[in-house]
Amino acid sequence: MTTRIYIRARDPQNGRRLVEELIADGVDPDALTLIGKQVPDGLPVHRRRWLDDSSAALRGALVSAGVVLAVSLLFQVLEPWALLALVVIAAAMGGGWWVRRNRRANLPLSAQREAMQGGDLLIAADLPDTEAPRVEERVSQRHPELLVLGPDAGGSPPFP
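A brief report on the enclosed structure follows. (Residues numbered from 1 in each chain as written. Predicted model: local features only at pLDDT ≥ 70, side-chain atom pairs only at ≥ 80, totals over all residues. Heavy atoms only, no water.)

### Brief notes about the overall build of the protein chain
Point 1. A tally of helices and strands in the protein chain yields five helices and five strands.
Point 2. Along the chain direction, N to C, the helices and strands of the protein chain fall in the order β-α-β-β-α-α-α-β-α-β.
Point 3. Computed over C-alpha atoms, the radius of gyration of the protein chain comes to 20 Å, more than 25% over the 15 Å expected from 2.2 N^0.38 for 160 residues, which places it beyond the range of a compact globule.
Point 4. Taking the principal axes of the C-alpha coordinates as reference, the protein chain spans close to 65 × 35 × 30 Å.
Point 5. In the protein chain, buried positions account for 39% of the 160 residues.
Point 6. In the protein chain, once contacts between residues fewer than 6 apart in sequence are set aside, the share between residues at least 24 apart is 71%.
Point 7. A total accessible area of about 9,600 Å² is found for the protein chain, and carbon and sulfur atoms account for 59% of it.
Point 8. Across the protein chain, 18 positive and 19 negative side-chain charges occur, with their mean positions spaced 6 Å apart. (Helix = DSSP H or I, 4+ residues; strand = E, 2+ residues; numbered from the N terminus. Rg over C-alpha atoms; globule rule 2.2 N^0.38 Å. Buried < 20%, exposed > 50% of the residue type's maximum accessible area, 1.4 Å probe, protein only. Contact = heavy atoms within 4.5 Å. Areas by Shrake-Rupley, 256 points an atom, 1.4 Å probe, with all protein chains shown as cover. Lys, Arg positive; Asp, Glu negative; His and termini not counted. Charge placed at Lys NZ, Arg CZ, Asp CG, Glu CD.)

### Section: the packing of aromatic side chains
Aromatic ring pairs are reported here in terms of the distance separating the ring centres and the angle at which the planes meet.
Point 1. In this structure the tally under the stated criterion is one aromatic pair.
Point 2. Aromatic pair Trp97 and Trp98: ring centres 6.1 Å apart, planes at 75 degrees, arrangement edge-to-face.
Point 3. For Trp98, a relative accessible area of 18% puts it in the buried group.
Point 4. Lying across the ring of Trp98, Arg101 places its NZ or CZ 4.9 Å from the centre. (Phe/Tyr/Trp six-rings, centres within 6.5 Å; stacked < 30°, edge-to-face > 60°. Lys NZ or Arg CZ within 6 Å of the ring centre and 35° of its normal.)

### A few points about the pattern of salt bridges
Point 1. The full count for this structure, using the stated rule, is eight salt bridges.
Point 2. Linking Asp41 and Arg47 is a salt bridge whose minimum nitrogen-to-oxygen distance equals 2.5 Å. (Salt bridge = Lys/Arg side-chain N within 4 Å of Asp/Glu carboxyl O.)

### Let's talk about helix H2 (residues 53-75)
An α-helical turn contains 3.6 residues, so any two residues separated by three or four positions project in the same direction.
Point 1. For H2, built from 23 residues, the straight-helix expectation of 33 Å at 1.5 Å per residue is met to within 8% by its first-to-last C-alpha distance of 33 Å.
Point 2. Taken as a whole, H2 has its buried residues at Ala56, Gly60, Ala61, Ser64, Ala65 and Ser72.
Point 3. Along its buried surface, H2 packs onto helix H3 (80-106). (Expected span 1.5 Å × (residues − 1).)

### Focus on the sheet that holds strand E1 (residues 2-9)
Picture the strands of a sheet paired through backbone hydrogen bonds; they go either parallel or antiparallel.
Point 1. Taken in spatial order, the five strands of this open sheet run E3-E2-E4-E1-E5, and their pairing is mixed. Strand pairing shows two members of the sheet lacking a second neighbour, strand E3 (46-49) and strand E5 (146-150), which therefore form its edges. Between one strand axis and the next, the sheet turns through 20 degrees on average, direction left out of account.
Point 2. Where E1 meets strand E4 (residues 121-128), eight bridges bridge the pair, whose relative direction is antiparallel. Its bridge partner lying in E4, Ile7 is registered against Ile123. (Pairing = 2+ DSSP bridges. Axes fitted to C-alpha atoms, helices over the stretch in contact; angles between N-to-C directions.)

### As for the side chain of Asp120
Point 1. Mapped onto the secondary structure, Asp120 falls in the loop between helix H4 (113-117) and E4.
Point 2. Classification of Asp120 as buried rests on a relative accessible area of 10%.
Point 3. At 3.1 Å, the side chain of Asp120 and the side chain of Arg8 are in polar contact.
Point 4. The contacts of Asp120, once residues within four sequence positions are left out, are Arg8, Ala9, Arg10, Ile35, Gly36 and Ala115. (Polar contact = N/O pair within 3.5 Å; in protein donor to acceptor, adjacent residues only side chain to side chain.)

Here it is as structure tokens:
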């Protein structure tokens, strides 16, 4: 069995150093996921870019509008006003779909939303149940610049 623990770094480079240290200590790189606006490059771990709702909406709107526009121009069957209406509808639908997808992906991390929007890096480590407490303790002792949240992305409560 594995336990997922979360560690938050206010500076992505501090997170990078921790990940390098964990890998050097024998933690499988596939067990580590970095989530943030600015995820450090060059690490052999999973990466996920954090998007806020407005960025997700803009991305979805642009992609959808671009695809519809390209397909419509390729076939050239629509009048300009109909093409414009179709592009606007596609942009609205694509933007809405991306926002919904983004919210679903970010739901487990919603407690850290403000920190993520501020540029913090979240490290999710899937560790064996016996290893997780040892890693949490070691990170807490060696890295005061990092915040160990425990198995809950919102931070573990102080009482069981």
